[in-house]
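Per-entry structural report
Here's the letter readout for the chains.
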Amino acid sequence: MLNKANQHWGDRVVDKILEDPVPENHTLRIATGITPSGQIHIGNLREVVTADVIYRILQERGKKAELIYIADDFDPLRKVYPFLDPQKYQPFVGRPLSEIPCPCDKHSNYAEHFLEPFLRSMDLLKIHLKIFRSSDLYKNGQYNEVIAQSLDARDKIAEILFRITGKEIDQYWSPFVPICESCGAMTQAKVISWIREEKIIKYSCGQCNHTGFMHIQGNGKLTWRIDWPARWSFLGVDIEPMGKDHGSKGGSYDTGKEIVNRVFKKTPPFPIIYEWIRLEGMGDMSSSKGNVIAIEDALKVVPPDILRYLIIKATPKQRITFEPVKQLLAVFDEVDNEQAKRRDQRAIDLSQASDFKPIGIPFDHLINVVQIAAGDPAEVKKILQRGGYKIADSSLGALEERCVFALNWLEHFAPQEARFSVAQGLPESVESFSPQQRKILGILSDILKNMLTKEIDVTAEEIHRAFYEAAKEDTELTVKDVFQAFYLALINKNSGPRAGWFIKTVGIDFVQKRLSQASGLEK
Ligand SMILES: [Zn+2]
Ligand SMILES: [Zn+2]
């Protein structure tokens with residue numbers, strides 16, 4: 001028997017879900033939903049990845065399961081976000097996203113503009129979603145019955161909302177918000193009366209003062225706190241991950257539970273509440289704040305398996321901070337290196353998405369190597385082999401792919417100090433070296449020359465120690481000065497990758513000649 005505490009969170013959640021017996025032929029429906037009001041980012045990814053973990057484990061256990069995604073494209077545009085052209089979008093505030101033109105003019109509407117790259121990324125992440133668009137569900141009549149039930153139970157719902165949230169409910173408040181047929185606004189109309197037999201409402205618009213009658217089908221929507229339990233009811237949702245805002249006390253899950261029981265006579269889904277993903281130094285990711293990394297962009301730098309692992313390894317209650325330098329490189333190695341300390345094998349198994357093959361080369365090392373090789377994969381292979389890495393022919397493809405990720409990392413995420421290129425000739429800055437600096441580089445060059453004549457292989461540590469030995473030769477220079485002169489001569493920068501490893505990677509003979517030139521001994 002496995003110790004529960006050591007079990008992966010996904011296994012524990014599924015144990016809990018299956019405590020209630022599942023009827024023989026029932027397919028467990030797991031629902032996810034994101035409003036495509038802006039770039040769908042890696043913060044949003046937690047919703048679908050969490051659901052996918054549960055989906056995969058249910059399948060492992062022989063249960064029938066289905067993963068659905070509801071794009072809330074019938075939600076109104078709340079405001080002109082910072083990434084939108086104010087002139088173009090101001091007139092569309094309050095209108096359904098599915099009825100607003102897209103920012104690039106290439107998609108059928110605003111929502112599709114953001115959905116298209118998201119759905120493409122889902123394929124790469126091997127998350128198979130059955131997709132619903134709320135605009136379709138409203139327009140094709142699937143919502144009709146629950147809208148009618150909600151309008152019938154208007155007072156009961158108002159009582160529930162007031163009691164649980166403590167918010168005063170206006171006498172004109174309605175669970176259903178019509179879209180004014182005159183001005184198109186969704187958020188400003190009041191429902192005056194409800195004619196159940198014909199499924200027609202009478203409303204008056206707060207924006208243009210129009211008063212009219214309309215059929216409920218496709219002409220308006222339920223407000224969020226009713227919409228959610230309504231869709232649990234007619235879509236038969238059994239399990240749903242949700243952000244902590246929805247899952248908090250008095251949040252929409254609290255009110256939804258009671259509404260689904262008392263108004264729609266169904267049971268609420270099993271909730272999985274998750275924490276946000278923060279962007280290091282920039283707070284919780286939010287498309288309205290603009291501090292996001294789109295899933296599509298992240299996948300250029302991080303293979304799908306590793307992006308999944310980053311989320312799957314943490315329990316839903318743990319806050320994840322996306323930090324693209326140290327943390328990301330560490331996560332790369334956890335997945336790539338079977339010996340890595342913090343590696344979580346169960347999380348890796350649940351993260352399978354592509355034919356990700358471990359190649360056993362630390363990603364930070366590869367980042368240095370691709371720069372030394374100026375991006376040429378054949379040269380990368382040579383350098384790696386010189387450094388003692390064994391590269392089987394069968395992993396050449398994986399290595400080439402990894403080089404592309406390394407180059408993309410350099411382009412998108414690398415801090416200035418991680419970028420360098422080995423200068424083809426002696427950099428000009430060498431001309432201003434002091435006599436001491438030249439002397440030190442000469443000493444360093446001699447030590448390296450000595451190493452080259454040795455039969456045995458010199459380690460990176462041994463090379464690194466040579467800098468400290470050289471520094472002892474001159475009391476006027478610090479070790480820091482020695483390193484600085486070295487980096488200037490090689491990459492024309494004051495600092496760079498760890499010297500011993502760097503020299504081993506570039507080649508001792510190459511470095512020795514360069515230092516000898518820089519010292520002025522050789523022209
Ligand atoms: Zn577009
Ligand atoms: Zn109006």
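Just so you know, these numbers come straight off a predicted model, no measurement behind them.

Let's shift gears to the sheet that holds strand β6 (residues 200-205). Pairing in this open sheet of three strands is antiparallel, and the strands run β5-β6-β7 from one edge to the other. With partners counted over all chains shown, the strands left at the sheet margins are β5 (189-195) and β7 (211-215), one partner each. Taken pair by pair, the neighbouring strands of this sheet meet at an average axis angle of 30 degrees, ignoring direction. Pairing of β6 with β7 involves five bridges; the strand directions are antiparallel.

Glancing now at the coordination of the zinc ion (ligand 1). The coordination sphere of the zinc ion (ligand 1), as far as protein atoms go, consists of Cys102 (SG), Cys104 (SG), His107 (ND1) and His113 (ND1), spread over 2.0 to 2.3 Å. Taken together, the four donor atoms coordinating the zinc ion (ligand 1) span angles of 98 to 122 degrees at the metal, a pattern that classifies the geometry as tetrahedral. All donors of the zinc ion (ligand 1) come from a single chain, and their spacing in sequence reads C-x1-C-x2-H-x5-H. A relative accessible area of 22% places histidine 107 in the partly exposed class.

On to the coordination of the zinc ion (ligand 2), then. All of the protein donors around the zinc ion (ligand 2) are Cys180 (SG), Cys183 (SG), Cys205 (SG) and Cys208 (SG); their distances to the metal are 2.3 Å. Written as a sequence motif, the donor arrangement for the zinc ion (ligand 2) is C-x2-C-x21-C-x2-C. Given the relative accessible area of 2%, cysteine 205 is considered buried.

Direction vectors running N to C along helix α13 (residues 326-336) and helix α15 (residues 363-372) enclose 110 degrees, while the axes themselves pass 8 Å from each other. Taken together, α13 and α15 sit at an angle that is classed as roughly perpendicular. On α15, the residues touching Leu329, Phe332 and Asp333 of α13 are Phe363, Asp364 and Ile367. Of the residues in the contact of α13 with α15, the class split is four nonpolar, no polar and two charged.

Here we come to the sheet that holds strand β13 (residues 320-322). Spatial ordering of the open sheet is given by β12-β11-β13, a layout of three strands whose pairing is mixed. Of all the strands in the sheet, just β12 (283-284) and β13 have a single pairing partner and so form its edges. In terms of strand pairing, strand β11 (residues 277-279) meets β12 through two bridges, oriented antiparallel. Looking across to β12, one finds that arginine 278 is bridged to aspartate 284.

Our next topic: the packing of aromatic side chains. Here the structure, examined in full by the defined rule, presents 22 aromatic pairs. Judged by centre distance (6.2 Å) and plane angle (75 degrees), the rings of phenylalanine 83 and phenylalanine 114 are edge-to-face. Note that phenylalanine 83 is positioned in the loop between β2 (65-71) and α3 (86-89) and phenylalanine 114 in helix α4 (residues 110-124), a separation of 31 residues in sequence. Relative to tyrosine 253, the ring of tryptophan 228 lies with its centre 6.3 Å away and its plane at 65 degrees, an arrangement referred to as edge-to-face. Of the two residues, tryptophan 228 is situated in helix α8 (residues 224-235) and tyrosine 253 in helix α10 (residues 252-262); the sequence distance between them amounts to 25 residues. An identical accessibility class is assigned to tryptophan 228 and tyrosine 253; each is buried.

Reading the values: rules and limits
- Sequence positions are assigned chain by chain, starting from 1 and proceeding in written order.
- The lettering of chains begins at A and the numbering of ligands begins at 1, in the order of writing.
- Two thresholds apply to this predicted model, a pLDDT of at least 70 for residue-level local features and 80 or more for giving and counting side-chain atom pairs, whereas whole-chain, interface and lining totals are computed over all residues.
- Excluding hydrogens and water, the side-chain values take into account all heavy atoms of the structure.
- Strands qualify as paired when DSSP identifies two bridges or more between them.
- Going along the chain from the N terminus, every DSSP run of H or I of four or more residues is numbered as a helix, and every run of E of two or more is numbered as a strand.
- Orientation is described by axes fitted as lines to C-alpha atoms, over the contacting stretch for helices, and by angles from 0 to 180 degrees between their N-to-C directions.
- Excluding water, the donors of a metal are its N, O and S neighbours within 2.8 Å, or within 3.2 Å for Na, K and Ca, and that exclusion means sites may look incomplete.
- All geometry calls rest on donor angles, where a four-donor set with angles between 85 and 135 degrees is tetrahedral, four- and six-donor sets with opposite donors more than 155 degrees apart and all others between 65 and 115 are square planar and octahedral, and all else is irregular.
- Each residue is assigned to one of three classes by its accessible area relative to the maximum for its type, calculated with a 1.4 Å probe on protein chains only: buried under 20%, partly exposed between the two thresholds, exposed over 50%.
- In what follows, roughly perpendicular refers to angles from 65 to 115 degrees, roughly parallel to angles under 35, roughly antiparallel to angles over 145, and oblique to any angle outside these ranges.
- Contacts: residue pairs with any heavy atoms within 4.5 Å of one another.
- When residues are sorted by character, Ala, Val, Leu, Ile, Met, Phe, Trp, Tyr, Cys and Pro go into the nonpolar class, Asp, Glu, Lys and Arg into the charged class, and all the rest, Gly among them, into the polar class.
- Only the six-membered ring of Trp is used, alongside the rings of Phe and Tyr, when aromatic pairs are assigned; centres must lie within 6.5 Å, and planes under 30 degrees apart are stacked while those over 60 apart are edge-to-face, with the rest tilted.

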